[in-house]
Amino acid sequence: MKKKVSRMTSKHVCRKLERKQRRCEAIIFHDFGIESSGSPTTILAILNAGLSTGLTEEAVLSSAIQYAPVQQVLMLPNKSYCFLECSNEADAELIYKNLHGCAGLEQNGGVAYLSYFKTLPACREKNVWAKRLPEGLVLLPNFVSEAEEEALLSAIAVEENTEKSDLKHRQVKHFGYKFIYGENNVDISNPTSEKIPNVCDILWPRLKTEITKLGLSTWDWDVPDQMTVNIYEPGQGIPPHVDTHSAFLEPILSLSLCGEVVMDFRHGTERQPLILLRRSMLVMSGASRYDWTHGITPRTLDVVPTQTGLTVRPRQKRVSLTFRRLRRGPCNCIFPTLCDTHLNAAEKTERVIPSAVAAQLEEQNVHSVYERIAPHFCQTRHTPWPRVADFLRSFSEGSVVFDIGCGNGKYLHCNSAVLNIGCDRSGELLHTCLERASTINARNTSVFRCDCLHVPVRAQSVDGCISIAVIHHLATAERRLMAISEMARLLRSGGRGLIYVWAKDQRALNNKKSAYLLQNKSLNKNKVTVEQQRQRAAEELQQQQQQLQELVPGAPQLPIHTNRTDFMQQDVLVPWKLKVAVNQGKEETTTASADPNVYLRYYHVFEAGEMEALMEQIPEVEVSESYYDQGNHCVIFTRR
Ligand SMILES: O=C(O)CCC(=O)C(=O)O
Ligand SMILES: [Fe+2]
Ligand SMILES: [Zn+2]
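What counts, and where the lines are drawn
Residues numbered from 1 in each chain as written. Chains lettered and ligands numbered in written order. Predicted model: local features only at pLDDT ≥ 70, side-chain atom pairs only at ≥ 80, totals over all residues. Heavy atoms only, no water. Helix = DSSP H or I, 4+ residues; strand = E, 2+ residues; numbered from the N terminus. Buried < 20%, exposed > 50% of the residue type's maximum accessible area, 1.4 Å probe, protein only. Contact = heavy atoms within 4.5 Å. Donors = N, O, S within 2.8 Å, 3.2 Å for Na, K, Ca; no water. Tetrahedral: all angles 85-135°; square planar, octahedral: opposite > 155°, others 65-115°. Salt bridge = Lys/Arg side-chain N within 4 Å of Asp/Glu carboxyl O. pLDDT = per-residue confidence, 0-100. Near = heavy atom within 4 Å. Polar contact = N/O pair within 3.5 Å; in protein donor to acceptor, adjacent residues only side chain to side chain. Areas by Shrake-Rupley, 256 points an atom, 1.4 Å probe, with all protein chains shown as cover. Nonpolar A, V, L, I, M, F, W, Y, C, P; charged D, E, K, R; others polar.

Regarding its fold elements, the protein chain presents 15 helices and 32 strands. In the protein chain, which comprises 640 residues, the share counted as buried stands at 50%. In the protein chain, once contacts between residues fewer than 6 apart in sequence are set aside, the share between residues at least 24 apart is 73%.

Only His245 (ND1), Cys331 (SG), Cys333 (SG) and Cys339 (SG) from the protein coordinate the zinc ion (ligand 3), and they sit 2.0 to 2.4 Å from it. With 4 donor atoms in place around the zinc ion (ligand 3) and angles of 102 to 123 degrees between them, the coordination shape is tetrahedral. Residue Cys331 is classed as buried on the basis of its relative accessible area, which comes to 9%.

A few words now on the coordination of the iron ion (ligand 2). Coordination sphere of the iron ion (ligand 2), protein contribution only: His241 (NE2), Asp243 (OD) and His294 (NE2), at 2.1 Å. Read N to C, the donor residues that coordinate the iron ion (ligand 2) are spaced as H-x1-D-x50-H. Relative accessible area serves as the criterion here: at 23%, His241 is assigned to the partly exposed category.

In this structure, His473 sits in the loop between β25 (462–468) and α11 (477–490). By relative accessible area, His473 is classed as buried at 7%. Those residues in contact with His473, other than ones at most four positions away along the chain, are Glu362, Val366, Tyr370, Tyr602 and Tyr603.

Turning our eyes to something else, we now look at the pattern of salt bridges. All told, the structure shown has 24 salt bridges when counted by the stated rule. Arg640 is paired through a salt bridge with Glu622; the nearest N and O atoms lie 3.5 Å apart. With a gap of 18 residues between them, Arg640 in the segment after β32 (632–639) and Glu622 in strand β31 (residues 621–629) connect regions that are remote in the sequence. The exposed category is assigned to Arg640, whose relative accessible area is 52%. Overall, Glu622 belongs to the partly exposed group, its relative accessible area being 45%. Here the salt bridges share partners, and the residues they tie into one network are Glu58, Arg299, Asp302 and Arg315.

Where the model shows low pLDDT, its predicted coordinates should not be examined in detail. Residues of the protein chain with pLDDT of at least 70 account for 83%, and the chain-wide mean is 84. Here residues 1–5 scores under 50 on pLDDT; set against residues more than four positions off or in separate chains, the count is 10 contacts. Here residues 582–594 is a poorly scored stretch, pLDDT under 50, and it has 24 contacts once near neighbours within four places are set aside; other chains count.

With that settled, consider the site of ligand 1. Around ligand 1 lies a shell of 13 residues, among which Tyr232, Ser254, His294, Arg318 and Ser320 are the nearest. Between ligand 1 and the protein, one listed contact pairs an oxygen atom with a side-chain N or O atom of Asp243 at 3.3 Å. Bound to the protein, ligand 1 loses 95% of the 290 Å² it would expose on its own. Put simply, the parts of the chain that give the shell around ligand 1 at least two residues each are β12 (226–232), β13 (238–241), β18 (293–296) and β21 (318–324). It is β21 that provides the largest number of residues to the shell around ligand 1, a total of 4 residues. Among the residues forming the shell around ligand 1, the class breakdown is 4 nonpolar, 6 polar and 3 charged.

Now the structure itself:
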């Protein structure tokens with residue numbers, strides 16, 4: 001069944017073709033240092049078609065093997081050329097004669113031109129079929145009989161009510177536990193009503209025998225409790241992935257029914273294909289389960305090896321049963337690269353700011369910033385949050401209540417029946433505090449300057465204290481704990497404290513955005529876009545980090561948060577865009593590119609439960625209430 005190809009004959013076209021050929025040969029020489037040959041060899045290059053032009057391995061192969069057997073096809077990532085190897089020159093010549101100068105190799109029908117080469121490029125992709133399988137990977141052929149295959153297929157009733165699903169590429173059905181694709185995990189607390197069908201029980205003794213025979217069982221074997229059925233039509237596949245380490249133990253099993261397919265295993269730049277034969281059981285353990293990805297390329301033809309070389313095989317519909325056993329806890333594998341447990345832990349430790357740097361960071365990215373933005377900051381903070389005001393009003397007449405980190409003092413006048421005392425690290429903010437008090441005719445305002453880590457007040461001498469939006473400016477868990485301990489120290493027995501810190505999750509439980517996120521809408525209307533703001537802040541950051549590096553070598557590189565968006569990290573720099581008064585006090589947004597009016601404030605935004613975990617380390621206090629309010633995690637506590 002030969003493909004119809006059109007041959008070009010005119011001399012003019014021939015010369016043009018030759019020029020193009022030389023140009024491409026020069027590119028290949030430049031890329032790989034290999035030379036073309038004027039006389040036939042066993043190696044052919046298709047000079048003007050490759051992976052980057054959309055040519056596939058199976059298309060090259062199906063064209064070429066019409067004329068002669070092919071030993072090897074070499075497709076190179078991002079290249080517009082590819083290679084074929086034959087076992088002898090005569091075969092190569094046959095292919096050359098029939099494909100060179102002909103259209104029909106590619107779907108868009110361009111003319112292909114070929115050259116002989118003396119050698120193949122040196123690269124890892126060569127002879128993928130000749131390599132040994134990844135460690136821990138085993139294929140057990142004929143694992144079930146045809147009759148058993150039939151029984152399994154009818155038991156899983158794949159034709160009925162399989163999810164047409166969000167997965168465009170194949171149908172799936174879950175047993176035992178549902179697999180949630182967005183999260184790549186299972187909901188442990190939510191088993192499905194449909195368990196793994198009993199017909200599958202025939203598989204387990206058989207498997208146990210096989211893995212013992214192979215000496216594979218370094219893991220404790222247990223019968224799977226989760227099954228995913230995948231139904232692939234020809235042309236459908238599954239992207240390369242690793243089954244989430246923390247979700248499932250090893251091994252991962254896959255039984256192939258109805259049809260066979262080539263599965264690709266990948267590890268860095270290495271690729272290793274494997275034919276999953278019909279009725280075979282695939283066992284992925286060790287490195288193949290944890291350190292290699294597996295996937296099925298969506299295509300209608302698979303390239304497979306034969307005795308003499310390579311050939312293509314059309315795909316059939318395939319049904320696979322993937323069996324897994326849930327892991328209930330973190331993964332403890334020795335393969336960190338694809339391990340979600342390991343990556344999460346690494347992220348957490350990376351975030352930790354060395355204590356030697358913390359004070360310096362706070363000085364530069366908290367204290368000195370507030371000193372400079374104080375008046376503008378003050379204008380943006382008027383209205384007390386209702387729940388904070390409620391807390392303050394809950395104190396009886398004559399109580400002494402401290403506001404530690406009082407800022408512009410907006411909470412110093414919520415309850416005139418108590419003695420309110422404020423303190424703050426920033427002299428400028430205290431200044432705005434006094435100014436504000438005079439404009440609202442407050443009878444008295446007592447403030448003093450101090451650091452929240454050392455409040456110069458006698459222990460157990462106050463009835464109440466609050467810390468609103470302060471502790472998230474401290475750069476280590478130790479310092480955050482110190483600040484809370486200092487509050488606890490001040491409180492008399494029975495005294496109560498309230499803490500507000502910014503939450504990493506700015507959405508309440510019902511996924512309602514906080515006021516902070518909602519402001520994004522109006523921000524977009526401003527002259528300065530979020531993106532511009534981010535860019536400017538980046539420039540500023542570069543300068544600041546340079547300074548910080550000079551002062552404290554090894555200081556962390558912190559990400560700059562994009563205002564009014566979700567927090568992606570816990571330790572971030574949040575830009576403050578200072579409005580400067582120009583033109584007789586009319587406010588205007590500056591537009592200078594390296595904007596000296598963007599200040600970066602350091603924040604540690606809190607995860608849910610993080611504040612409670614800190615409180616647990618202070619035995620003198622007890623948390624009586626914790627809640628989420630306007631994008632903050634909040635706790636109320638009492639001194640015992
Ligand atoms: O179809 C297969 O054999 C593999 C399916 C798979 O890898 C999965 O569902 O995670
Ligand atoms: Fe998988
Ligand atoms: Zn792992």
